[in-house]
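A closer look at the structure
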Amino acid sequence: MAYFSSLMLLIAYIYSILKHPYIKQTKVFFALFSLFTFRIILSLNHEISFKPLFAGQSLNSIFSIFSIFILFIFVKKEYFKFKLMIPFYLIIFSVLLSSVYSGEVMGGIVVAMKWLLVIVATIAVLQLLKRYQTIDTLIPFYNIFIAILISQFISLILHQGKDTENLVSSSNSISYIAGYAHEGAFSILLFMGLFLSSLLVHFKRIRPIIPTLFFIGLVIANYRTTLISAVLPFIVIYIAYFYLGAKKDFKVFVFSAGLLSVTLISFLFGHSILDRFAELGGAFTNLSELMRIDYSLFTIEERRLLSSRLYLWNMYLTEFSNFSFAGSVFGAGPEVWDDFFEVYSHNTFIGVLFDLGFLGLTLLLFLLFKTLMISLTIKELKLKIINVSFFIGFIILANSTMPLWAIEGLYFFAFIYAIFYHLSNITTNECLAV
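Scope of this entry: the structure provided in the associated data block. (Residues numbered from 1 in each chain as written. Predicted model: local features only at pLDDT ≥ 70, side-chain atom pairs only at ≥ 80, totals over all residues. Heavy atoms only, no water.)

1. Structural notes on the overall build of the protein
For the protein, the count of helices and strands is 20 helices and 2 strands. Considering the protein as a whole, with its 434 residues, one finds that 56% of them fall into the buried category. Taking as baseline every contact in the protein between residues at least 6 positions apart, the subset at least 24 positions apart corresponds to 74%. For the protein, the accessible surface area stands at approximately 19,500 Å², while carbon and sulfur atoms represent 69% of it. (Helix = DSSP H or I, 4+ residues; strand = E, 2+ residues; numbered from the N terminus. Buried < 20%, exposed > 50% of the residue type's maximum accessible area, 1.4 Å probe, protein only. Contact = heavy atoms within 4.5 Å. Areas by Shrake-Rupley, 256 points an atom, 1.4 Å probe, with all protein chains shown as cover.)

2. Describing helix H6 (residues 86-102)
If you check H6, its first and last C-alpha atoms are 24 Å apart, about what 17 residues at 1.5 Å a residue would give, namely 24 Å. Pro87, Phe88, Ile91, Ile92, Ser94, Val95, Ser98 and Ser99 are the residues of H6 that are buried. The buried residues of H6 all sit within an arc of 155 degrees when viewed along its axis, so they share a single face. Phi for Gly103, located one or two positions after H6, is positive at around 80 degrees. (Expected span 1.5 Å × (residues − 1). Arc of directions from axis to C-beta.)

3. Considering the environment of Ile392
Residue placement: Ile392 occurs in helix H18 (residues 381-400). Since its relative accessible area comes to 35%, Ile392 is described here as partly exposed. Residues Ile392 and Pro233, 159 residues apart in the sequence, show an inter-C-alpha distance of 8.2 Å.

4. Overview of the packing of aromatic side chains
By convention here, two paired aromatic rings are described through the distance between centres and the angle between planes. Tallying each qualifying case throughout the model produces 44 aromatic pairs. Between Tyr13 and Phe33 the ring centres are 5.4 Å apart and the planes differ by 20 degrees, which places this aromatic pair in the stacked class. With a gap of 20 residues between them, Tyr13 in helix H1 (residues 2-19) and Phe33 in helix H3 (residues 27-44) connect regions that are remote in the sequence. Since its relative accessible area comes to 9%, Tyr13 is described here as buried. A relative accessible area of 0% places Phe33 in the buried class. Judged by centre distance (4.7 Å) and plane angle (85 degrees), the rings of Tyr241 and Phe242 are edge-to-face. By relative accessible area, Phe242 is classed as partly exposed at 27%. Above the face of the Phe72 ring, Lys77 is positioned so that its terminal group lies 5.1 Å from the ring centre. (Phe/Tyr/Trp six-rings, centres within 6.5 Å; stacked < 30°, edge-to-face > 60°. Lys NZ or Arg CZ within 6 Å of the ring centre and 35° of its normal.)

5. Regarding the environment of Tyr3
Here Tyr3 lies in helix H1. A relative accessible area of 66% means that Tyr3 is categorised as exposed. Separated by 176 residues in sequence, Tyr3 and Gly179 have C-alpha atoms that sit 8.1 Å apart.

6. Here's the deal with a nonpolar patch on the surface
Together, Ile48, Leu53, Phe54, Leu59 and Ile62 make up a nonpolar patch on the protein surface, roughly 500 Å² of accessible area in all. Broken down by secondary-structure element, the contributors of at least two residues to the nonpolar patch are strand S1 (52-54) and helix H5 (59-74). Here Leu53 is to be found in strand S1. (Patch = residues over 30% accessible without salt bridge, like charges linked within 9 Å, V, L, I, M, F, W, Y side chains within 5 Å. Salt bridge = Lys/Arg side-chain N within 4 Å of Asp/Glu carboxyl O.)

7. Details of the side chain of Thr137
Note on placement: Thr137 falls in helix H7 (residues 105-157). A distance of 3.1 Å separates the side chain of Thr137 from the backbone oxygen of Leu128, its partner in a polar contact. A polar side-chain atom of Thr137 sits 2.7 Å from the main-chain carbonyl oxygen of Gln133. With residues up to four places along the chain from it excluded, the contact list for Thr137 reads Phe29, Leu128, Leu129 and Tyr132. (Polar contact = N/O pair within 3.5 Å; in protein donor to acceptor, adjacent residues only side chain to side chain.)

8. A short note on the packing of H7 against helix H8 (residues 183-202)
Direction vectors running N to C along H7 and H8 enclose 135 degrees, while the axes themselves pass 9 Å from each other. For the element pair H7 / H8, the angle class is oblique. Classified by chirality, the crossing of H8 by H7 is left-handed. On H8, the residues that touch Ile135, Leu138, Ile139, Phe141, Tyr142, Phe145, Ile148, Leu149 and Gln152 of H7 are Phe186, Leu189, Leu190, Met192, Gly193, Leu196, Ser197, Leu199 and Leu200. Broken down by class, the residue content of the contact of H7 with H8 amounts to 15 nonpolar, 3 polar and no charged. (Axes fitted to C-alpha atoms, helices over the stretch in contact; angles between N-to-C directions. Parallel < 35°, antiparallel > 145°, perpendicular 65-115°, else oblique. Left-handed = near helix turned anticlockwise from the far one by under 90°. Nonpolar A, V, L, I, M, F, W, Y, C, P; charged D, E, K, R; others polar.)

9. Concerning unusual backbone geometry
Keep in mind that most residues, glycine aside, have a negative phi and that most peptide bonds are trans. Of note, the phi angle at Gln133 is positive, near 65 degrees, even though the residue is not glycine. With respect to the helices and strands, Gln133 occurs in helix H7. The exposure class of Gln133 is partly exposed, given its relative accessible area of 31%. Its identity as a non-glycine residue notwithstanding, His346 has a phi of 60 degrees, on the positive side. Within the element layout of this structure, His346 appears in the loop between helix H16 (325-330) and helix H17 (348-376).

The following block contains the structure:
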């Protein structure tokens, strides 16, 4: 299945370059588009790309480092001086301080390189948005996501699924992820596809049905945390597009159509959704109690709740509470969690707190606060509520997994940050005229 999906992406890549000649005419566009596409192809072929290749580094990690240097060469250097980039520099500063304090030099380099990738990718997207505006910038990437979506639906038809959930949960649901390495990373790509398609729907470039197809893709990808994160944005997309500003009679029609759509989705996927979310009620009912007791007291059933997330969160917070004052400020060290635990924390904020301490967590929260403030300055109301809903969705996602740990999530956040800034700096009339 991975080979077929790779072929689909190559076809979408070649089609986009032929259809949109400006991609090759602009070095930074060609670089970003190519690096993004081939990074996904590498993850599809994870049996090769995940193996150590040189100095303990996999082909994936080497390609990520290569991407940073290539993008750095082609982006305009004056963008590095923008105040917009300061929150990223502060996070890298906290990573370096934690690395010096803990002596985890290699971990510090790895985490710093990830944030450097976010920086250069953000600058590249900003450049493209300024030169080509929203539609022409996003359409080529949208084509890649459509290829991913088609591959996923074909994997469903061929029953090429993956079942790993039964190892940590009472559910044995299948994830259809087109041969990708992990359902979490794959679902982030679908979430990003939902984001880009929502903007293109607003600008009336693609059909309104497309975001629904991406949401269905998230359902069959079957990664609960991303699906929960996408519910609010998915609803808001259609409220903004059909409901806001519509006449009263049409609003009644939209409401009825929405109710019918929910009923249809429930009929088609209701059993799968209920199966995956059945344990949520019990988990949240006992959340306060489970987070107060020591993780060693968890029963086997409690350890499996929410795919073992409550158990992991308790474990990390309990160990963090034993740190010295300096340790609580600077953390245990970048990427040092695997010296303490077998599994990463599945929570961005708890993970950053453990690795980088209160300083790192504070600076991450500052970056996210800055992102929210930028989204709130978008002048066109429909675009504003769409983008704010996706920001909220990203925060929900970050509370149950670690999108800023995966390359897919790093690219996603780079697009979010750049698009928010671009849309906040054009007038309402320009938004409507794009």
